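One letter stands for each residue in the lines below.
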Amino acid sequence: MVKSAVVKQSAPSKLPRLLADKLTPEVTCDWNNVCSTYFIYKEVETKNQVKIITFWMLDLCLYT
């Protein structure tokens, strides 16, 4: 049985993490929700949202 990916966020002010595994519609929805919450909480402009999340996904700490 393949495990689903996991979305983690310790607080609305902290960047969310997407832990690797199989993406499901539920996980994708959770990811969208926590990212939206973070952007609202931090008042991130729309033009910067993809850049911030992409940079975080490239952080090597996520792969350990």
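Residues numbered from 1 in each chain as written. Predicted model: local features only at pLDDT ≥ 70, side-chain atom pairs only at ≥ 80, totals over all residues. Heavy atoms only, no water.

Asker: I'd like a rundown of the environment of aspartate 21, residues and numbers included.
Answerer: Among the secondary structure elements, aspartate 21 is positioned in the loop between β2 (17-19) and α1 (25-42). Considering only alpha carbons, one finds aspartate 21 and alanine 5, 16 residues apart in sequence, at a separation of 4.2 Å. When residues no more than four places from it in sequence are discounted, the contact partners of aspartate 21 are Lys3, Ser4 and Ala5. (Helix = DSSP H or I, 4+ residues; strand = E, 2+ residues; numbered from the N terminus. Contact = heavy atoms within 4.5 Å.)

Asker: Please set out the environment of valine 7 residue by residue, giving values where relevant.
Answerer: On the secondary structure map, valine 7 appears in strand β1 (residues 6-8). Taking the C-alpha atoms as reference, valine 7 lies 8.8 Å from threonine 28; in sequence the two are 21 residues apart. Those residues in contact with valine 7 that lie beyond four places of it in its chain are Arg17, Leu18, Val27, Asp30, Trp31 and Val34.

Asker: I'd like a description of the nonpolar core, backed by residues and values.
Answerer: Within the largest apolar cluster, 7 residues are counted, these being Trp31, Val34, Cys35, Tyr38, Phe39, Val44 and Ile53. Top contributing element to this core by residue count: α1, with 5 residues. Not counting residues up to four positions away in its chain, the partners in contact with phenylalanine 39 are Val44, Gln49 and Ile53. (Core = buried A, V, L, I, M, F, W, Y, C linked by side-chain atoms within 4.5 Å. Buried < 20%, exposed > 50% of the residue type's maximum accessible area, 1.4 Å probe, protein only.)

Asker: Would you mind going over the confidence of the model for the chain in detail, with residue names and values included?
Answerer: Looking at the chain as a whole, the pLDDT averages 85, with 88% of positions reaching at least 70. Here β2 stands out as the element of the chain with the lowest mean pLDDT, 85, in contrast to α1, whose mean of 94 is the highest. (pLDDT = per-residue confidence, 0-100.)

Asker: I'd like a rundown of the packing of aromatic side chains, residues and numbers included.
Answerer: The final tally for this structure, using the stated rule, is 1 aromatic pair. Consider the rings of tyrosine 38 and phenylalanine 39, whose centres lie 6.0 Å apart with planes at 65°: the pair is edge-to-face. Look at tyrosine 38 and you get buried, because its relative accessible area is 9%. (Phe/Tyr/Trp six-rings, centres within 6.5 Å; stacked < 30°, edge-to-face > 60°.)

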